[in-house]
Each structure stands twice: as C-alpha cells, then as structure tokens.
Amino acid sequence: MDTELSSLTYSTLLFGIMRLLIAIYAFFLVGIKQKKTDAFLYQKFIRYFIFFLGMWQLTRAVYYLYPETELLPRIMLLGLISVPLTTLTYFCFCFSYAFPKKTKLLLYFWWLALIPAITIFIILVPEYNHYFIEYTGEIIYVPYRELVPVYKPYFYVHTIFSYSLAFVGLLCLLTKLRAPATRRKFCGYTIIATVLFILSNMNRIFFSSNEALWFVPLLDITILTMFFWVVYADETQLIINKGQEKLMQSLMFPIFFLNKDKKIIYANQLATKICPNIYKNGKITGSKAHILENFSPYQMGSHMLQDKLPAHKTDFLFQSNKDGTLYYAHQQSIAPKEQKQKYQQGEMFLLITVSAMKNFFSALEDKAFRDPLCGCFNRHYLEVKHAKFFQNTEAPANILPLSFIMCDIDGLKKVNDGFGHEVGDEYLILCHDTMKSTIRQDDWIFRLGGDEFLIMLPNTPKTVAQTIVATIEEKMQQVQRKYPTSISIGVSTAETYPVDYVQCIHQADDAMYKKKQARKAGLLNKSPRSPSTEKSHRL
C-alpha cells in the first residue's frame, strides 16, 4: 500500500463507527434490563454477559477510531480484559439456567475467576505483557487498520479457558433442552445464540482474514439481540418469572396470564378445560374477552363482561354458562416491584369455585375452634360463638335450664412424669372420650386448658346434671385405675335469660374446687391408684 496513506482510512473509520454503535446497543439493552425484575439468577448473569460484550465492542471501537498508532497495542490489550469476563459470566448464565436448583454449586467454581484475574494483572502491568501478546509493529491497512500480533504462551491458556467455558455452557444448555418441562423454544434460541457466539470468536481469532472482518459485527449484534430477546423481551417469560409451569399446572383452579394488550399468553390445563374456546389447534389463543364469553355476570351489570374489567375493582363473581358453577374471579396487574404503572408487564387472572372457597374457610374455621388433641371445642369457640348467644333476651327452644359441668383431671403431671407426655396425651384423649360417651349428642364439651374440661347441657336441670356427674365419676374410676389420678367435678345451672355464662362457669369451678379440697382432706373416697408407674406402660 502507498506509504502516504493516512493511518485512519475511510474503511477503518466506518468499521469503528459500526463497533461503537454495537457497544451503545449493548449498553442500551443493559439499561432496559435495569427496569426489569430479576426473578432468577441466570437473568443477572446474562446482564453481566451483555455488559462485558459491550465493553469489548467499545474498546474495539476506540481502537479503530483513534487516529494515532502509538497507543494501538495498549488499547488492544485493554480490550482483551473483557474476553475472559464475558465467557465466565456466560458459563454462569448457562449453569444457573440449566440447573436452577443447584446454583449454590457455583460457589465451588470460584477458582474459575483466577484466569480473568491473571489476565487483568498481565495486561495492566506492562512488564508482563510479553507473556500474553506482543505486536511486531507492522500495521496492515487493507481493508482496515490492524496490528500484526505475536501470540505468547499465556495467550493459549487464556484462549483454552475461554473456549472451554463456552463449550461447557453449550453442554449445559443441551442438557436443559432434554429436561422435562423445558420451554424448548426458549432453550433452542439460546443454543443458537451460543453457537453464533463461539463461531464469532473463532472466526475473529483463527479463521478470519481482514476482508471478512465485516461479518464479525453482524454476528455480534445478532448474538446481543437474540440473548436479550429470549431472556427478557419474549412475553412468554412472564409466566417463568412468576412461577414454574409445572407448579401452574398443579394448581386446583384455572389461572391465566395476559400481556399488556390483554392477549392470553399462558393458561394452565384446568383453564383450557373451563374455557375451551381459548385452545385451538394445539395452541392457546384469544384475549380476556374470550375468557369472559364463558361466563355470565353474577349480581352485576352485563357491562362488566368486557375485554377490560374496571381497573379499580379486582374481585368479581361469575357464573359458568355451561354448568352454572359460581366462580370467584380475581385480576391482578403484574409489574416490577416499586415501578410505575407504565412498566406493567401484564396481568394475572384466576378463577376459584365459590364452593371450594366455602369448604376451605369452613375447614379453617373448624381448625381454629377445635382442640387439636381431643377434637372437642376450645376456649376460643366458647368466647367467640357463645358470648353473644347467651346474651339473647329470648331463650331458644329446649335450652333452659342450662347446666354447666367443670371437670379437672387431678394428677396429670404424675402421668406425664411417670409415663411420658405421649402417654399423658393419650390419657387426656381417653378422659375426653369417656366424658363424651356419657353426655348426649347435642351437648357441648370444651377443653379450656391443659387438664380442664367444660360440659354444657341444654335443657338439663341441676338434679339431672348431678346424675350425669355421678355417671362420669363412675366411668372415670375405671379409666383411672391404672394411673395415680382422680377427677374433680363441679355443677351449676342457669334457669333464666340472659345467661351470665361467666358467672355460671365460675360457680361450677368453685364447686369443683371444694370437691378437690375435700378429697385432699380425706373427706371423699379416693380413686384407686396403680401400684406401678413403669414408664414402659401404655394404654
């Protein structure tokens, strides 16, 4: 070439501008990513990958756009810092995406950071540059300005490290492709981007002549676009960010995910069964309007069934046009945390049968009002349900007189100490079952504390209640024959309304306490005791 040719040719300038635009594009993608929420670790690593790839493009742009030639070797070396960092973050992305439940294993790969650290040290300290790359001083100007390198031993270490990580990452993706419940389209595009990434680097270093260098930027921009699209821009990733598909399919209620335009992008199998019109030719299609075609409004105007339900209202009642089933419907916007509405990603829409909700709350209420050990009512049920009931000015039919029986199991601590708490629990259950077998089906029994029980007998005079107490004491003597225990029982009766149930319980408790004191004083017959307290004994 003519020796008078300028060091910065037109083609070199154009090539540098192209690299600069690619770098800006990469940083733009990273900037967009900042407005999104990382639901998985692999999304963070792909952000770092794009950033370091952008840094490489930026240093290459500076290399081609800088007019003087003295600093070109230094600029070229500085650009190589981003190469091992790019491949390292790429490997971490592939591993965390292919094995999401084993991401903690990445902590054991910390030694992989040694090569990037050594590379950075060798490049930043000029005295050690000769272990990596040296430049002959010869410059080629056709078609672009390029230095002629001399590769040193560490260059091959650096290169083997980078390509090894790239190939291992590719193997991770191929493993993910064969795993069950994998979104194969997403994984397939990622594999294609990986192959392009490897070919781009191999072409640049080993196979490319200067005449073919224009092909490298095209590969780079394709890689950046594809990685960003499959990880962030693909709207089907909305469901991945909010829950694994396997979990969605296992839900016992229909759930839909919509994009910003109210188009359905995901529905589980139960949703397609209830709304068959959204599933055509093996694909989910339609919008929210197609979902609502399967229902009629319940206690609301027909204008509610539009493509866009009122934004201020999130809960509705719908009735199935097919079988009349009543559904509770809930809609909720999906957007990154602490972001404005303009960054809304989509919407979740779910349906739950009202009968299922009733059964759920009924079971929840029953659990809150039942003693977990004996299965009888607890003190909370007495206070919540009966406090208002007893204050009625008119007595319900067949409830007065209302008798209260307070029972206290004496000596439970000795059972727990002598036989263990497991036997103590079994003994309490047996005492409860004995008392329950003595009373009527419509009578109430409560466990108020550790060893205290309350029995309420509607339409039961005090004389009848005392007869029931005698029967309980007789049965309990048989139960207590094997244990050093006894039972103290007190009775009170309410004859008129309103019933002061607190006072009645207090009176029954006083009567029970007097019996307990009389037994301790030897004025009452003591229950038979077991001569043995072996811990090996069981009911």
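Residues numbered from 1 in each chain as written. Predicted model: local features only at pLDDT ≥ 70, side-chain atom pairs only at ≥ 80, totals over all residues. Heavy atoms only, no water.

### Quick word on the confidence of the model for the protein chain
Now for step 1: When pLDDT is averaged across the protein chain, the result is 78; 78% of the residues are at 70 or more.
Now for step 2: Ignoring residues within four places in sequence, the model shows residues 300-308, a span with pLDDT below 50, making 18 contacts including any to other chains.
Now for step 3: Scored below 50 in pLDDT, residues 526-539 makes 34 contacts in the model with residues more than four places away or belonging to other chains. (pLDDT = per-residue confidence, 0-100. Contact = heavy atoms within 4.5 Å.)

### Comments concerning the nonpolar core
Now for step 1: Phe-49, Ile-50, Leu-80, Phe-93, Phe-132 and Phe-227 are the most contacted members of the largest nonpolar core, which totals 54 residues.
Now for step 2: Those residues in contact with Phe-49, other than ones at most four positions away along the chain, are Thr-86, Thr-89, Tyr-90, Phe-197, Ile-223 and Phe-227.
Now for step 3: In this structure, Leu-412, Met-476, Val-479 and Ile-489 belong to the second largest nonpolar core, which totals 27 residues. (Core = buried A, V, L, I, M, F, W, Y, C linked by side-chain atoms within 4.5 Å. Buried < 20%, exposed > 50% of the residue type's maximum accessible area, 1.4 Å probe, protein only.)

### Regarding the pattern of salt bridges
Now for step 1: Enumeration according to the criterion identifies 10 salt bridges in this entry.
Now for step 2: With a closest N to O distance of 2.3 Å, Glu-347 and Lys-288 form a salt bridge. Of this pair, Glu-347 sits in strand β10 (residues 346-353) while Lys-288 sits in helix α12 (residues 288-292), and the two are 59 residues apart along the sequence. Per residue, the accessibility class of Glu-347 equals that of Lys-288, and both read buried.
Now for step 3: For the salt bridge of Lys-515 with Glu-473, the shortest nitrogen-to-oxygen distance reads 3.4 Å. In this pair, Lys-515 sits in helix α18 (residues 501-520) while Glu-473 sits in helix α17 (residues 462-479), placing the two residues 42 residues apart along the sequence.
Now for step 4: By relative accessible area, which is 30% here, Lys-515 ends up partly exposed.
Now for step 5: The class of Glu-473 is partly exposed, set by a relative accessible area of 23%.
Now for step 6: Members of the salt-bridge network, linked through shared partners, are Lys-262, Lys-288 and Glu-347. (Salt bridge = Lys/Arg side-chain N within 4 Å of Asp/Glu carboxyl O. Helix = DSSP H or I, 4+ residues; strand = E, 2+ residues; numbered from the N terminus.)

### A few points about the sheet that holds strand β4 (residues 264-267)
Hydrogen bonding along the main chain pairs the strands of a sheet, whether they run parallel or antiparallel.
Now for step 1: The six strands lie next to each other as β4-β3-β10-β9-β8-β7, forming an open sheet whose pairing is antiparallel. In this open sheet, the two edge strands, each paired with only one partner strand, are β4 and β7 (295-297). On average, each strand axis in the sheet is tilted by 30° relative to the strand beside it, whichever way the strands run.
Now for step 2: Sheet analysis places strand β3 (residues 255-259) next to β10, joined by five bridges and oriented antiparallel. Residue pairing across strands places Asn-259 opposite Gly-346, the latter belonging to β10. (Pairing = 2+ DSSP bridges. Axes fitted to C-alpha atoms, helices over the stretch in contact; angles between N-to-C directions.)

### Side note on a nonpolar patch on the surface
Now for step 1: There is a patch of nonpolar side chains on the surface, built from Leu-13, Ile-17, Leu-21 and Ile-24 and spanning about 350 Å² of accessible area.
Now for step 2: Mapped onto the elements of the fold, Leu-21 is located in helix α1 (residues 10-33).
Now for step 3: Under the relative-accessibility criterion, Leu-21 is labelled exposed at 55%. (Patch = residues over 30% accessible without salt bridge, like charges linked within 9 Å, V, L, I, M, F, W, Y side chains within 5 Å. Areas by Shrake-Rupley, 256 points an atom, 1.4 Å probe, with all protein chains shown as cover.)

### Concerning helix α16 (residues 421-438)
One full turn of an α-helix is made of 3.6 residues, so residues set three or four places apart face in the same direction.
Now for step 1: When the terminal C-alpha atoms of α16 are compared, their 26 Å separation across 18 residues agrees well with the 26 Å that a helix rising 1.5 Å per residue should span.
Now for step 2: Burial in α16 covers these residues: Val-423, Gly-424, Tyr-427, Leu-428, Cys-431, His-432, Thr-434, Met-435 and Thr-438.
Now for step 3: Buried residues along α16 sit in contact with β12 (402-410), α15 (412-419), β13 (444-447), β14 (452-457) and α17. (Expected span 1.5 Å × (residues − 1).)

### Notes on the pairing of strand β8 (residues 315-320)
Now for step 1: Of the two faces of β8, only one is covered, namely that formed by Phe-316, Phe-318 and Ser-320; the face formed by Asp-315, Leu-317 and Gln-319 stays uncovered.
Now for step 2: Alignment of β7 against β8, held across three bridges, turns out to be antiparallel. In the strand pairing of β8, Ser-296 is matched with Gln-319.
Now for step 3: As paired elements, β8 and strand β9 (residues 326-334) share five bridges and run antiparallel to each other. The residue bridging Phe-318 from the neighbouring strand is Tyr-327, located in β9.
Now for step 4: Between the antiparallel neighbours β8 and β9 lie five residues, among them Gly-324 with a positive phi of about 80°.

### Topic: the environment of Val-83
Now for step 1: Structurally, Val-83 is set in helix α4 (residues 82-98).
Now for step 2: For Val-83 and Pro-116, which are 33 residues apart along the polypeptide, the C-alpha to C-alpha distance reads 8.4 Å.
Now for step 3: The contact partners of Val-83, leaving out residues within four places of it in the chain, are Trp-56, His-158 and Ser-162.

### Some points on unusual backbone geometry
Now for step 1: For Asn-459, which is not glycine, the phi dihedral falls at a positive 50°.
Now for step 2: Here Asn-459 lies in the loop between β14 and α17.
Now for step 3: For Asn-459, a relative accessible area of 38% corresponds to the partly exposed category.

### Some words on the packing of aromatic side chains
Where two aromatic rings form a pair, the distance of their centres and the angle of their planes describe that pair.
Now for step 1: A full pass over the atoms with the stated rule returns 26 aromatic pairs.
Now for step 2: Measuring from centroid to centroid gives 4.9 Å for Phe-15 and Tyr-64, while their planes differ by 85°, and the two rings are edge-to-face. A residue pair is termed long-range when its members are at least 10 positions apart, and Phe-15 in helix α1 and Tyr-64 in helix α2 (residues 41-65) qualify at 49 residues.
Now for step 3: For Phe-15, a relative accessible area of 2% gives the class buried.
Now for step 4: Residues Tyr-90 and Phe-93 carry aromatic rings whose centres are separated by 6.4 Å and whose planes lie at 45° to one another, so their mutual orientation is tilted. With Tyr-90 and Phe-93 both in helix α4 and three residues apart, this pair spans about one turn of that helix. Phe-93 matches Tyr-90 in its accessibility class, with the two residues each being buried.
Now for step 5: In this structure, Lys-176 is placed above the aromatic ring of Tyr-97, and the distance from its NZ or CZ to the ring centre is 5.2 Å. (Phe/Tyr/Trp six-rings, centres within 6.5 Å; stacked < 30°, edge-to-face > 60°. Lys NZ or Arg CZ within 6 Å of the ring centre and 35° of its normal.)

### Notes on the sheet that holds β14
Now for step 1: Pairing within the open sheet is mixed, and its five strands lie in the order β11-β13-β14-β12-β15. Among the strands making up the open sheet, the edge pair consists of β11 (377-378) and β15 (486-494).
Now for step 2: Pairing analysis gives two bridges linking β11 to β13, with the strands arranged parallel. When the sheet's bridge partners are listed, Phe-377 is paired in β13 with Phe-446.

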